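# Structural features, examined
Spelled out, the chains give:
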Amino acid sequence: MISYGKQKIDENDIQAVVDTLKSDWLTQGPAVKMFENNLAKFFGASHCYAVSNGTAALHLSGLALDWSPNDYIITSPITFLATANSILYSGATPIFIDIDPITYTIDILKLEKKIKSLTNNKKKIKAVIGVDFAGHPCDWESLLKLSKKYNFKLINDNCHAMGASYKNNKKYAIKYADIVTQSYHPVKHLTTGEGGAIFTKSKKIASKISALRSHGMTKTADLTRDNGQWYYEMNNLGYNYRITDFQCALGSSQLKKLNKFVERRREIAVLYDNYFSGNKQFITPKVLNHVDHAYHLYPLQIDFKNIVISKKSFFKEMYSKGISLQVHYIPVNTQPYYKKNFGYDKKEFINSSNFYNNEVSLPIYPDLKNSDIKFIAEAILSSTK
Ligand SMILES: *Cc1c(COP(=O)(O)O)cnc(C)c1O
C-alpha cells in the first residue's frame, strides 16, 4: 500500500539513536541541547526549545503570550485540528479566516476586514497563527504589516514548510513571526517519532517557554546560591512537554538530510505537475514567484462536480489499487465541536469549502520511486476519465 507520507530512516539515524541509548542520558541530556542548537542554526532562531510534539509547541505559544478567555486568536480553517485546538486550551476564542484560492493560505484582505470589524466591536485580537499550508509560505510581509498596524502577535505554524523559502530566505519563518512551531511526526519533513520545537527571537518569551515546558519550574544560579542546591521555584503552571535524548539524536541526524528530502519532494511535484497541469479536470498547486515550496503535501484539486465518479468512490477505487490517498483538511470550522460552540457563518468560507470538496493529497515522500509516481498518476487519470 502506498500512503500519502512516510519517514525515511537510514543506518546513520539508527546508529545515532543506539549511541544515545548506550550513553548516560536518556532525557534532558546533551542530545536535546545539540538538537536545539542545530535547529536554531538551520532556521535562524536565537532561541529554540525541543518539545514532545507540535501540538505542545502550539500550546506553549499561547501560554507564553498570555492568551486568556477575552482574547481573539485568528487562523485559517484549512489546517490540522491542533492549530485551532491550541487556541481553545487557553480559553480564547478562535476566529477563522478563509483561504486564498491560489496559495491555500490565509486570505489577507478577508483578514484585515475581519480585524477591522472585531476592533470596532471592542474585541481584542491577540494573535494570528499563519499556517504555511502544504509547504507554501503565507503572505508574511502583509501579515507583518497588519500585526504592526493592529498590534497583535504572529505565530507561524510551520509544520508543513520546513525547508521552504520566502523571498530567497530559508530562515524566513522566524524573521516575520514572534513564535514559530514545528512538528517532527513521521509524515513531516523530518522525524523524531513524536516531537516538535518552538522558536522565538524574544528573550522574554524564551524564558517563559523554558519553564512552562517542564512544570513551570525555574532553577537559577541565584536561587540555588541563596537557598541550596536542591532549590527550584514554580511561578506559573507548566506541563511536562519534554522530549527524550534518543528522539533528539534522531532529529539531529535527520536534519542533516532535510535539504535532500525537500529536493526529492520538489522532483516528485514536478512529475505530478507534468501529468496533471494543462488538464481542465485538475488544478495543481501553484507556487508564487518569490517562494520555494517545501511540498509537505501535494494537494491536487479534482473537479468532481464535472466527472462521473464521486470523491468517495474515487478514494475506494484508488485504495483497491494499493494507493491510500488523504484529504487535508476538513475545514476546522465545520467540525461538530466548533459548530456547536461557535457557529461560524458558512458564507465566509467559500474558498475553503470548494477546496475541501476537490482536494486530494497525493503520495509524496523521499522514498517514492518515479515508477510509483507513474503508477499513481495513471491510476488517477484512468479513474477520472
Ligand atoms: C502535524 C501538525 C501539527 C501537530 O503536530 P503534532 O506533532 O502531531 O502534535 C500542527 N499543525 C499542523 C499544520 C500540522 O501539520
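This text gives an overview of the structure that appears in the document. Along each chain, residue indices are assigned from 1 in the same order as the chain's sequence is written. Whole-chain, interface and lining totals are the exception, using all residues; otherwise, since this is a predicted model, local features are given only for residues with pLDDT of at least 70 and side-chain atom pairs are given and counted only at 80 or more. Hydrogen atoms and water are omitted, and side-chain values are computed over all heavy atoms in the structure.

## Remarks on the overall build of the protein
Stated formally: Counting from the N terminus, the helices are the DSSP runs of H or I reaching at least four residues and the strands are the DSSP runs of E reaching at least two. Radius of gyration means the value over C-alpha atoms here, while the globule rule gives 2.2 Å times the residue count to the 0.38 power. Throughout, exposure labels follow a simple rule: accessible area from a 1.4 Å probe, protein chains only, divided by the maximum for the residue type, with under 20% read as buried, over 50% as exposed, and the rest as partly exposed.
On a plain count of helices and strands, the protein comes out with 15 helices and 14 strands. Taking 385 residues into account, the globule formula puts the C-alpha radius of gyration at 21 Å, and the protein, at 22 Å, falls close to it. Its C-alpha atoms give the protein principal-axis dimensions of roughly 75 × 60 × 40 Å. Residues classed as buried in the protein amount to 54% of the 385 residues present.

## Brief notes about the sheet that holds strand β3 (residues 93-96)
Formally: Strand pairing requires that DSSP identify at least two bridges connecting the strands. Every axis corresponds to a line fitted to the C-alpha atoms, with the helix fit spanning only the stretch in contact, and the corresponding angles, defined between N-to-C directions, vary from 0 to 180 degrees. Contacts between residues were defined by any pair of non-hydrogen atoms, one from each residue, lying within 4.5 Å.
Taken in spatial order, the seven strands of this open sheet run β1-β8-β7-β5-β4-β2-β3, and their pairing is mixed. Looking at strand neighbours, the two that pair on one side only are β1 (47-51) and β3, the edges of this open sheet. Neighbouring strand axes in the sheet, compared pairwise and without regard to direction, differ in orientation by 20° on average. Each of β1, β7 (179-183) and β8 (196-200) touches helix α2 (residues 30-43); the most contacted strand, β1, lies at about 130° to it.

## What about the environment of aspartate 292?
Its place among the elements puts aspartate 292 in strand β12 (residues 291-292). Look at aspartate 292 and you get partly exposed, because its relative accessible area is 36%. For the pair aspartate 292 and tyrosine 176, spaced 116 residues apart in sequence, the C-alpha separation works out to 17 Å. If we skip the residues at most four places from it in the chain, aspartate 292 touches Gly135, Ala164, Ser165 and Arg266.

## Let's talk about the pairing of β1
Most of β1 sits out of view: four of its five residues are buried. As paired elements, β1 and β8 share five bridges and run antiparallel to each other. From the neighbouring strand, cysteine 48 faces β8, where its bridge partner is phenylalanine 199.

## Observations concerning the site of the ligand
Counted only if it meets this: Note on definitions. A residue lies near a molecule or strand when any single heavy atom of the residue is within 4 Å of it. We define a polar contact as two N or O atoms separated by no more than 3.5 Å, with the added condition that, inside protein, one atom must be a possible hydrogen donor and the other a possible acceptor, whereas residues neighbouring each other in sequence contribute only through side-chain atom pairs. We get accessible surface area from the Shrake-Rupley algorithm with a probe of 1.4 Å; when it comes to residues, only the shown protein chains can shield them. Side-chain classes follow a simple rule in which Ala, Val, Leu, Ile, Met, Phe, Trp, Tyr, Cys and Pro form the nonpolar group, Asp, Glu, Lys and Arg form the charged group, and the remainder, Gly included, forms the polar group.
Close contacts around the ligand come from 15 residues, with Gly54, Thr55, Asp157, Ser183 and Lys188 the closest. The side chain of histidine 160 places a nitrogen or oxygen atom 2.9 Å from an oxygen atom of the ligand. In the model, an oxygen atom of the ligand is placed 2.7 Å from a nitrogen or oxygen of the serine 183 side chain. When the free accessible area of the ligand is taken as 390 Å², the share hidden by the protein chains comes to 93%. Broken down by secondary-structure element, the contributors of at least two residues to the shell around the ligand are α3 (54-64) and α4 (81-88). In terms of residue count, the dominant contributor to the shell around the ligand is α3 (three residues). Of the residues belonging to the shell around the ligand, the class tally is five nonpolar, eight polar and two charged.

## Regarding unusual backbone geometry
For the bond running from histidine 328 to tyrosine 329, omega is 0°, close enough to zero to count as cis. Residue position: tyrosine 329 is located in the loop between α12 (311-320) and α13 (336-342). Residue alanine 134 is not a glycine yet carries a positive backbone phi of 65°. Its place among the elements puts alanine 134 in the loop between β4 (124-131) and α6 (140-150). For alanine 134, a relative accessible area of 1% gives the class buried. At asparagine 168, a position not held by glycine, the phi torsion is positive, near 60°. Mapped onto the elements of the fold, asparagine 168 is located in the loop between β6 (165-166) and α7 (172-176).

## Thoughts on helix α15 (residues 370-383)
Stated precisely, the cut-off is as follows: A helix's residues, less one, multiplied by 1.5 Å, set its expected span. Within this analysis, the arc is defined by the directions that extend from the helix axis to the C-beta atoms.
For α15, with 14 residues, the first-to-last C-alpha span of 20 Å sits near the 20 Å given by 1.5 Å per residue. Taken as a whole, α15 has its buried residues at Asp372, Ile373, Ile376, Ala377, Ala379, Ile380 and Ser383. Within α15, the buried residues cover an arc of 160° as seen down the axis, which keeps them to one side. Tucked inside the fold, the buried residues of α15 contact α11 (258-276), β11 (282-283), β13 (298-302), α12 and β14 (359-362).

## Here we look at the nonpolar core
Basically, it comes down to this: Buried residues of nine kinds, namely Ala, Val, Leu, Ile, Met, Phe, Trp, Tyr and Cys, make up a nonpolar core once their side-chain atoms join them within 4.5 Å.
Ranked by internal contacts, the top residues of the largest apolar core, which has 50 residues, are Leu39, Ile74, Leu111, Trp140, Leu143 and Phe199. Among the elements that make up this core, the one with the highest residue count is α2 (six residues). Aside from chain neighbours lying at most four places away, what touches leucine 143 is Ile106, Ile108, Leu111, Val128, Cys138, Phe152 and Leu154. In terms of nonpolar packing, the next biggest core, distinct from the first, is built from 27 residues, Tyr295, Ile302, Phe314 and Ala379 among them.

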